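Residues per chain are reported as follows:
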Amino acid sequence: MRMLDTTISDGYGNIVSPEKDEVIRLFVGTSENHDTSIEKIYLYSLLKNTNSKIEVTWLRPSMFPDWRRQGWGTPFTCFRYAIPELCNFKGKALYTDCDMINFRDIADLWRTDLKGKPFGMVWDALQMNNEKWVNTDQERGWWCDSVMLIDCAKAKDWVDSIEKQAQWKGTYKWYFMEKIGSPFKSKSEKLVQEIDARWNSFDGADTAYPYKKPYPMDDKIQLPLDQIWQVHLTALSYQPWHPKYNPHAKASHQRQDIMEVFWKYNYEMKSLEKIGDL
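Residues numbered from 1 in each chain as written. Predicted model: local features only at pLDDT ≥ 70, side-chain atom pairs only at ≥ 80, totals over all residues. Heavy atoms only, no water.

Residue S182 is joined to P183 through a cis peptide bond whose omega torsion reads 5 degrees. Relative to the helices and strands, P183 is located in the loop between α6 (172–179) and α7 (185–188). The residue N88 is not glycine, and still its phi comes out positive at about 55 degrees. Turning to its location among the elements, N88 is positioned in the loop between α2 (83–86) and β5 (92–97). On the basis of relative accessible area, N88 is assigned to the exposed category, the value being 57%. The phi angle at K115 is positive, at roughly 55 degrees, despite the residue not being glycine. Tracing the chain through its elements places K115 in the loop between α3 (106–110) and β7 (119–128). For K115, a relative accessible area of 45% gives the class partly exposed. (Helix = DSSP H or I, 4+ residues; strand = E, 2+ residues; numbered from the N terminus. Buried < 20%, exposed > 50% of the residue type's maximum accessible area, 1.4 Å probe, protein only.)

This brings us to the confidence of the model for the protein chain. Summary statistics for the protein chain give a mean pLDDT of 89 and a share of 92% for residues scoring 70 or more. Throughout residues 1–18 the model reports pLDDT below 50, and contacts reaching past four residues in sequence, or to other chains, amount to 43 contacts. (pLDDT = per-residue confidence, 0-100. Contact = heavy atoms within 4.5 Å.)

Let us look at the packing of helix α1 (residues 36–48) against helix α8 (residues 256–274). Closest axis-to-axis distance for the α1/α8 pair is 9 Å, and the angle between their directions is 90 degrees. Between α1 and α8, the interaxial angle falls into the category roughly perpendicular. Where α1 approaches α8, its residues S37, I38, K40, I41, Y44, S45 and K48 are matched on the opposing element by F262, Y265, N266, E268, M269, L272 and E273. Classifying every residue of the contact of α1 with α8 by side-chain character gives seven nonpolar, three polar and four charged. (Axes fitted to C-alpha atoms, helices over the stretch in contact; angles between N-to-C directions. Parallel < 35°, antiparallel > 145°, perpendicular 65-115°, else oblique. Nonpolar A, V, L, I, M, F, W, Y, C, P; charged D, E, K, R; others polar.)

Set out below in structure tokens:
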């Protein structure tokens, strides 16, 4: 593990000073018991790269028993929007999906300057928007909430109550995203601070690269492993633990260098479990 620097860059040239004895409040969206292996690998990778204190809350379906989840892409899709209220609309919180591997001190992300905005997210340049945006400048592109830094007080004006979210018909995620301005990036930047895309690299690609038509399916701009700060294993077919809620066929991941890290950490984590250190 490495010691924290006395000053931290947020990736955009903004220097943020560390706070004494701060605790990173990390909320992780996950299933009830189908993502256990990646949960452990993700947590293991986080702890390898930081000396900061991390308070982890796993957002599982059992934590939200009364929520309607029809139409969600995962068992945890919309739980992330409950975070500001779970924090009593105070302080800061960090959300990520569980299917990630960390390569850089998460404190660097935690200390990103939101410049007074409620949210910090990576721009997903290839997000395919619904049919009303076809053949418009907004056909592709959306804020990606799988890594989201939140000012809980400022977010209060933009998220509905947990009670209301729980009974939402459809997927609250899409309503929320349009509410804050997606897919209009320039309009929504009043509320969302863009985070360096290396914090949410989709399967090793540059998530925010400004692609033009014809949009690539597989030939995406790839980041070298040493330039990825956090990889998101988001393509369900490529996930090596293959959760049971995943309806897609299994396929080999195209980035074998990332898979080598996955299996290396999996081995190290299991070895530590055997001796009772994890």
